[in-house]
Amino acid sequence: MIKMKELIKLHKIGHELQDVKVLFRTDIKIEICGIKVHGKYGEMLNIPRWIANILEANGYVKIQDDKIVEDLKQSLVKENSQDEFNLSTLDDHFYIKINSYFKRIQKQERDELESLLKSLFRKRHGKIIQFADSSKLTNELTHKLTIEEIEFYNQIHKASTIFTKQIFGDLK
């Protein structure tokens, strides 16, 4: 069976292989690993994210994934609207997308968004601990969690079960 850490790595690789929309800042015609990229100044195309990252770092394109900021803000609003016994649903790759975006932006913008991410994280972190301490992971809850949160949930649940057995033994 595949370990969660390897699964998270696979999801990160999958994210890098997905197409992303880019705006060309210059005319370019290249081939990378058998993938042809032809773009003219001002043109928008979808290309694999890993290629887009290289081209953006060298000033050839601008990746158009500013929707991430909106997703982060909306996720925080949704989480704040939930009571202490409910979680809002996050995309499986929410944190992978956020971290990928954070690597590409300026420090000032990252600092501003980091406070939103920390607020969302703290809210979800506390709720996940409560759920994991009291019950096994349900199918319904699995659909609301990211892959990292599922791993966290399982670790907390396992630790809680071990601790409970240490204190109570076989008593119920």
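Residues numbered from 1 in each chain as written. Predicted model: local features only at pLDDT ≥ 70, side-chain atom pairs only at ≥ 80, totals over all residues. Heavy atoms only, no water.

This part is about the environment of Leu137. Looking at where Leu137 falls in the secondary structure, it is placed in the loop between α5 (107–134) and α6 (139–142). Owing to a relative accessible area of 26%, Leu137 belongs among the partly exposed residues under this scheme. Taking the C-alpha atoms as reference points, Leu137 and Tyr95, 42 residues apart in sequence, are found 20 Å from one another. Discounting chain neighbours no more than four positions away, the residues touching Leu137 are Thr142, Leu145, Ile150, Tyr153 and Asn154. (Helix = DSSP H or I, 4+ residues; strand = E, 2+ residues; numbered from the N terminus. Buried < 20%, exposed > 50% of the residue type's maximum accessible area, 1.4 Å probe, protein only. Contact = heavy atoms within 4.5 Å.)

Another aspect to go through is the side chain of Ser160. Structurally, Ser160 can be placed in helix α7 (residues 147–168). Using a relative accessible area of 11% as the deciding quantity, one classes Ser160 as buried. A polar contact is formed between the side chain of Ser160 and the side chain of Asp133, at a distance of 2.4 Å. (Polar contact = N/O pair within 3.5 Å; in protein donor to acceptor, adjacent residues only side chain to side chain.)

Ranked by size, the top nonpolar core spans 14 residues in total, and within it Leu72, Phe94, Ile98, Tyr101, Phe102, Leu113 and Leu117 carry the most contacts. Those elements that provide at least two residues to this core are α3 (67–81), α4 (94–104) and α5. (Core = buried A, V, L, I, M, F, W, Y, C linked by side-chain atoms within 4.5 Å.)

Sheet strands line up and pair through hydrogen bonds in the backbone, either parallel or antiparallel. In spatial order, the strands read β4-β1-β5; together these three strands make up an open sheet with antiparallel pairing. Both outer strands of the open sheet, β4 (44–48) and β5 (61–63), are each paired with one neighbouring strand and no more. Here the strands of the sheet are splayed against their neighbours by 45° on average, with no regard to which way each runs. Summarising the sheet, strand β1 (residues 19–24) and β5 pair through three bridges and their orientation is antiparallel. Opposite Leu23, over in β5, you have Lys62 as the bridge partner. (Pairing = 2+ DSSP bridges. Axes fitted to C-alpha atoms, helices over the stretch in contact; angles between N-to-C directions.)

Look at Cys33: it is not a glycine, yet its phi comes out positive at around 50°. Considering the arrangement of structural elements, one finds Cys33 in the loop between β2 (28–32) and β3 (35–39). Using a relative accessible area of 71% as the deciding quantity, one classes Cys33 as exposed.

Attention shifts here to the side chain of Ser88. On the secondary structure map, Ser88 appears in the loop between α3 and α4. The class of Ser88 is buried, set by a relative accessible area of 6%. Contact partners of Ser88, with chain neighbours within four places excluded, come to Ser75, Lys78, Glu79, Gln82, Arg124 and Lys144.

In a structure, side chains of opposite charge can pair up when their charged atoms sit close to one another. Applying the stated criterion across every chain, the model contains 10 salt bridges. Linking Glu79 and Arg124 is a salt bridge whose minimum nitrogen-to-oxygen distance equals 2.6 Å. Taken together, the residues span a long stretch of sequence, with Glu79 in helix α3 and Arg124 in helix α5 at a distance of 45 residues. On the accessibility criterion, Arg124 (0% relative accessible area) is buried. Across the pair Lys127 and Glu79 runs a salt bridge, and its minimum N-O distance is 2.8 Å. Taken together, the residues Lys127 in helix α5 and Glu79 in helix α3 connect sequence positions 48 residues apart. Neither Lys127 nor Glu79 differs from the other in exposure class; each is buried. Linked by salt bridges that have partners in common, Arg49, Glu56, Asp65 and Arg104 make up one network. (Salt bridge = Lys/Arg side-chain N within 4 Å of Asp/Glu carboxyl O.)

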